Amino acid sequence: MKRRIGLLLPPGFQALDLMATTVYEFANALSDEPLYEVTILSEHGGAMASSSGINVLTDAVTRYDYDTLLVAGQMVPRRPSSPGFVEILRQAGVQSRRVGSICTGAFLLAEAGLLDGKRATTHWSLARDLQRMYPKVRVEEDRIFINEGRVWTSAGMTACADLCLALVESDHGIELSRNIARKLVVYHRRSGGQSQFSALLELEPKSDRIQQALSYAKTHLRKPLSVDELAEAANLSTRQFSRTFRIETGQSPARAIEVLRVEAARAMIEGSNHSIDVVARETGFSDPERMRRAFLRAFGQPPQAIKRAAREQASTGLA
């Protein structure tokens, strides 16, 4: 029996989110018989204009018992949504087997109360807005996608492919999702815990002195990198450095250094054959266990899992 997939478009949706339909198109094409039936939906049906001005013909929502209902994102989340749109999501949250969001569609799921008490992600640049607007949601801004039981959320834009590949894998196994990834010429697959962006871009220091300290840290990760040492690199007193660093980056120096170490360690794990012990030593972790705990905080999985995923990608390759 074909699984019914509904892609619900809000006003001003992002056209790139239509990429989700291509994953299911290839799932059908690569199978002996069609596995999915995809319907493009909107609250009232008819032509829906994307944020780029592209019009898409949609069906009005007349049922809620989809196998999976995905809601697309908007360039700028609009609030409030119409009562009818919110009710569609609430009903689907009860009657559909799964509900999910692409990019800023997480704001719409949150508005309908479907993310209360759950982990969720969205585009990194709006993650803190999502947390501020919906404090009951446990927002994790550095994730490609998150699965919380029946509810799935994904990061920005092209992460919809990662999300839908994971959904297909959950339905029909890894071989089909891997073959789809080959056809799409995308990696199979970025794990849900993979970082959306680089650590230095996230920190975005405003002054040259803090940037100088971070650049020093990134090239000296094997060293202890105490606050005194970083302050010296920035040509600031320790007290002034700590205060300025937190104001400019929103993090403590210790937390920022851990983020840099984790990012460097992941790059080594995915790009070399070094053992976990060697990676831990080269990136400044005092021991592999400390690095493991840092990876769990950052990615939700240990270094060994990331190493296995990297080997799988290397052996599979791209079409």
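Coordinates for the structure precede this section.
Residues numbered from 1 in each chain as written. Predicted model: local features only at pLDDT ≥ 70, side-chain atom pairs only at ≥ 80, totals over all residues. Heavy atoms only, no water.

> Would you mind going over the packing of aromatic side chains in detail, with residue names and values included?
In this description, a pair of aromatic rings is defined by centroid distance and the angle of the planes. By the definition in use, this model includes three aromatic pairs. Look at F241 and F245: their rings are 5.5 Å apart centre to centre, the planes differ by 50 degrees, and that puts the pair in the tilted class. With F241 and F245 both in helix α10 (residues 238–249) and four residues apart, the pair spans about one turn of that helix. Each of the two residues, F241 as well as F245, counts as buried. (Phe/Tyr/Trp six-rings, centres within 6.5 Å; stacked < 30°, edge-to-face > 60°. Helix = DSSP H or I, 4+ residues; strand = E, 2+ residues; numbered from the N terminus. Buried < 20%, exposed > 50% of the residue type's maximum accessible area, 1.4 Å probe, protein only.)

> Go over the pairing of strand β3 (residues 46–49) with me, naming the residues and quoting the values.
Across four bridges, the pairing between β3 and strand β4 (residues 55–60) is antiparallel. The residue of β4 that forms the bridge with G46 is T58. With antiparallel pairing between neighbouring strands as the criterion, β3 and β4 make up a hairpin whose turn holds five residues, including G53 at a positive phi of roughly 95 degrees. (Pairing = 2+ DSSP bridges.)

> Would you mind going over the sheet that holds strand β2 (residues 36–42) in detail, with residue names and values included?
Spatial strand order, β3-β4-β2-β1-β5-β6-β10-β9: eight strands in an open sheet with mixed pairing. Pairing within the sheet leaves two strands with one partner each, and these edge strands are β3 and β9 (145–148). Taking each pair of neighbouring strands and ignoring which way they run, the sheet shows an average axis angle of 30 degrees. Alignment of β9 against strand β10 (residues 151–154), held across four bridges, turns out to be antiparallel. Looking at the pairing, E148 lines up with V151 of β10. Lying over the sheet, helix α1 (residues 19–29) contacts β1 (3–8), β2 and β5 (68–71), oriented at roughly 160 degrees with respect to β2. (Axes fitted to C-alpha atoms, helices over the stretch in contact; angles between N-to-C directions. Contact = heavy atoms within 4.5 Å.)

> Give a description of α1 that names residues and reports values.
Taken together, the buried positions of α1 are A20, V23, Y24 and A27. In a view along the axis of α1, the buried residues occupy a sector of 90 degrees, so they form one face of it. Facing away from the buried side of α1, by more than 90 degrees, are the exposed residues E25 and A29. Taken together, the buried residues of α1 touch β1, β2, β5, α5 (159–172) and α6 (174–184). (Arc of directions from axis to C-beta.)

> Which residues make up the state of the cysteines, and what values do they have?
Enumeration according to the criterion identifies zero disulfides in this entry. C160 forms no disulfide, and the closest cysteine sulfur to it belongs to C164, at a distance of 5.9 Å. Note on C160: relative accessible area 0%, which makes it buried. Classification of C164 as buried rests on a relative accessible area of 0%. (Disulfide = S-S within 2.5 Å.)

> Mind laying out the packing of helix α8 (residues 208–219) against helix α9 (residues 227–234), listing which residues take part and the relevant values?
Two elements in contact, α8 and α9, have axes separated by 8 Å at closest approach and are oriented at 125 degrees. It follows from the interaxial angle that α8 and α9 lie oblique. Here α8 and α9 pass one another in a crossing that is right-handed. Here α8 contributes R209, Q212, A213, Y216 and A217 to the contact with α9, which in turn contributes E229, L230, A233 and A234. For the contact of α8 with α9, the residue count by class is six nonpolar, one polar and two charged. (Parallel < 35°, antiparallel > 145°, perpendicular 65-115°, else oblique. Left-handed = near helix turned anticlockwise from the far one by under 90°. Nonpolar A, V, L, I, M, F, W, Y, C, P; charged D, E, K, R; others polar.)

> Describe the packing of α8 against α10, with residues and values.
One way to put it is that α8 packs onto α10 with a least axis distance of 10 Å and a crossing angle of 95 degrees. The orientation of α8 with respect to α10, classified from their angle, is roughly perpendicular. Mapping the contact onto sequence places I210, A213 and L214 in α8 and F241, T244, F245, E248 and T249 in α10.

> Explain the pattern of salt bridges to me, and be specific about the residues and the numbers.
On inspection of all chains with the given rule, the structure shows 20 salt bridges. Between E37 and K2 there is a salt bridge; the shortest N-O distance is 3.9 Å. On the criterion of sequence distance, the pair formed by E37 in strand β2 and K2 in the segment before β1 is long-range, its members being 35 residues apart. A relative accessible area of 36% means that E37 is categorised as partly exposed. Among the residues examined, K2 registers a relative accessible area of 40% and is labelled partly exposed. A salt bridge links E263 to K218; the nearest nitrogen and oxygen atoms lie 4.0 Å apart. (Salt bridge = Lys/Arg side-chain N within 4 Å of Asp/Glu carboxyl O.)

> For α6, give the residues involved together with the corresponding values.
Of the residues making up α6, those classed as buried are L176, S177, R178, I180 and A181. Trailing α6 by a residue or two, V185 shows a phi angle of about 55 degrees, which is positive.

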